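These are the residues of each chain, in order.
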Amino acid sequence: MSQAITDLIHHPYVPPAGFAAPQPGVFKASTVIFANVAAMRARDWKNKTGYTYGLHGTPTTFLLEARIASLEGGKHCVLVPSGLAAIANVNIALLKSGDEVLIPDNAYGPSKALADGELKNWGITHQLYDPMNPADLQARIGPKTRLVWLEAPGSVTMEFVPLAQLAAICRQRGVTSALDNTWGAGIAFNGFDLRGPSGSGADIVVQALTKYPSGGGDVLMGSIVTRDDELNLKLKLSHMRLGWGIAGNDAEAVLRALPSVELRYRAQDAAGRALAAWLASRREVAQLLHPAFAGSPGHEHWRELCGGKGSGEAAGGAAAGLFSVAFEPRHGVAQVDAFCDALKLFKLGYSWGGPVSLVVPYDISSMRKPGTWRHKGVLVRFSLGLEAVEDLRADLEQALAKLG
Ligand SMILES: *Cc1c(COP(=O)(O)O)cnc(C)c1O
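Quick caveat: nothing in here was measured; it's all calculated off a predicted structure.

A. Quick peek at the site of the ligand. Every residue lining the ligand is accounted for by Ser82, Gly83, Leu84, Tyr108, Glu151, Asp180, Thr182, Ala208, Thr210, Lys211, Leu220 and Trp352. In the environment of the ligand, an oxygen atom lies 2.9 Å from a nitrogen or oxygen atom belonging to the backbone of Leu84. Residue Thr210 places a side-chain N or O atom 2.6 Å away from an oxygen atom belonging to the ligand. Protein contacts shield 89% of the accessible area of the ligand, which totals 380 Å² for the unbound molecule. Residues belonging to the shell around the ligand are distributed by class as follows: 5 nonpolar, 4 polar and 3 charged.

Shown next, in the form of structure tokens:
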């Protein structure tokens, strides 16, 4: 476990007088009462020196913001109602008509859909770049480029991109970079300090708190963290104008889950690696896609950034409890669907980081630029919950029998 988790658990909190419990209270409000007109006029929500209205923050949401900023190694945090809203908030705050945003081809799908929908309708163009090839990003940055999205590993296909190099290119070219750090969760690496060429850190780090920080599969929330005061103010102003407040009870659920976030992350990582190693040895599987395993695309970048010393279960370092496998092409779509349907503990469903293990079959060729996906077999993504690994392995084994 890291020093960071100790700091998170001992993060400052001032309890009500005479009630020295370390667990924070939950405050919920729309209206906040002012003592007089002068106080009303003087109160400024922007720098958090006071409370003005529930939408702009309560003691509960301010505390969660401070703790998420600390988890990510940043200074400021803005909370929004989902991970996708965090991505949208960044785009809306930083882009205007005529600007361009660059998005990795293997990014979280709805982020690309937002660019292709609303952003395009507002006159904001986008290009998809190949994140495994820094020269491709370098070549696509042009005079209209205002924002570059980064993400590691790639959504579903799990390529671990050379994040430090990509961020350093953005810094050299003077373009703001925003990292979707949902996989790393602020635990696998620090998005603001990518241990690469100097100046290789993202300017903005977003996370779907829906996943690991919530851990319960019962909250949707997103965070936007920065180290820069001016950037934070831009994000906060858009956030205020959009009216994207979060609910006190949801904030409490995440505050309650945060002390165990690293414990859960590492448990799900260990379970994921154990099952990934087992699946990779099966004759039905053509390719394992898990950044901690040699032979998975970008494994060496994962080792550099996340502290891995070798491959697989014994490699150390940190990786989320998430991996995909490409089945041998002889197992067609219908057979792989039957495998997924036969699973009993692994449930069919989106998201990850909760207690229940999940599985989703994907048709990758429809999700990437034509011709860029090399594997022929059907791809299935697994996300680990908190069940006993032996039970999950037995579940996979009985379902593999259905593949034929
Ligand atoms: C889940 C996810 C999101 C979106 O989070 P929601 O809270 O479900 O909107 C964004 N990015 C990544 C990488 C995700 O996995």
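Past the structure itself, the notes keep going.
B. Local environment of helix α7 (residues 163-173). When α7 is considered as a whole, its buried residues turn out to be Leu163, Ala164, Leu166, Ala167, Ala168, Ile169 and Cys170. In the core, the buried residues of α7 are packed alongside β3 (125-129), α6 (134-140), β4 (145-151), β5 (176-180) and α11 (299-306). One or two positions beyond α7, positive phi appears at Gly174, with a value near 70°.

C. Region of the structure containing the nonpolar core. Counting residues in each nonpolar core, the largest one holds 91 residues, and the members touching the most others are Trp183, Phe189, Phe339 and Phe382. No other element matches the 7 residues that helix α10 (residues 261-280) contributes to this core. Both of domain 1 (37-259) and domain 2 (261-403) provide at least three residues apiece to this core. Sequence-distant contacts of Phe189, that is, excluding residues within four places in its chain, are made with Phe160, Leu163, Leu179, Asn181, Trp183, Gly184, Leu194, Leu305 and Cys306. Counting residues in hydrophobic clusters, the runner-up holds 25 residues, among them Ala85, Val101, Leu147 and Ala178.

D. Layout of the sheet that holds strand β6 (residues 204-208). What the 7 strands build is an open sheet, ordered β1-β7-β6-β5-β4-β2-β3; its pairing is mixed. The sheet terminates laterally at β1 (76-80) and β3, the two strands that pair on one side only. Here the average twist between neighbouring strands, direction ignored, is 20°. Looking at chain direction, strand β2 (residues 100-104) and β4 are connected through 3 bridges and run parallel. Its bridge partner lying in β4, Val101 is registered against Leu147. Lying on the sheet, α7 is in contact with β3, β4 and β5; it crosses β4 at an angle near 170°.

E. Expanded view of the packing of helix α4 (residues 83-94) against helix α5 (residues 109-121). Remark: α4 packs on α5, axes separated minimally by 10 Å, with the N-to-C direction vectors making an angle of 45°. As the angle between them shows, α4 and α5 are arranged oblique. For the pair α4 and α5, the sense of crossing is right-handed. The residues of α5 that touch α4, namely those facing Leu84, Ile87, Ala88 and Asn91, are Pro110, Ser111, Leu114 and Leu119.

F. Representation of the domain arrangement of the chain. Partitioning the chain into structural domains gives domain 1 (37-259) and domain 2 (261-403). Averaged C-alpha coordinates put domain 1 and domain 2 at centres separated by 26 Å. Contacts between the two partners involve 37 residues from domain 1, matched on the other side by 37 residues from domain 2. Both sides together, the interface formed by domain 1 and domain 2 hides about 3,000 Å², and carbon and sulfur atoms give 63% of it. Along the contact surface separating domain 1 from domain 2 lie 0 salt bridges. Along the lines of polarity and charge, the residues of the side of domain 1 that touches domain 2 split into 21 nonpolar, 10 polar and 6 charged.

The rules behind these values
- Residues numbered from 1 in each chain as written.
- Predicted model: local features only at pLDDT ≥ 70, side-chain atom pairs only at ≥ 80, totals over all residues.
- Heavy atoms only, no water.
- Near = heavy atom within 4 Å.
- Polar contact = N/O pair within 3.5 Å; in protein donor to acceptor, adjacent residues only side chain to side chain.
- Areas by Shrake-Rupley, 256 points an atom, 1.4 Å probe, with all protein chains shown as cover.
- Nonpolar A, V, L, I, M, F, W, Y, C, P; charged D, E, K, R; others polar.
- Buried < 20%, exposed > 50% of the residue type's maximum accessible area, 1.4 Å probe, protein only.
- Helix = DSSP H or I, 4+ residues; strand = E, 2+ residues; numbered from the N terminus.
- Contact = heavy atoms within 4.5 Å.
- Core = buried A, V, L, I, M, F, W, Y, C linked by side-chain atoms within 4.5 Å.
- Domains from an automatic or database assignment.
- Pairing = 2+ DSSP bridges.
- Axes fitted to C-alpha atoms, helices over the stretch in contact; angles between N-to-C directions.
- Parallel < 35°, antiparallel > 145°, perpendicular 65-115°, else oblique.
- Left-handed = near helix turned anticlockwise from the far one by under 90°.
- Buried area = accessible area lost by both parts, 1.4 Å probe.
- Salt bridge = Lys/Arg side-chain N within 4 Å of Asp/Glu carboxyl O.

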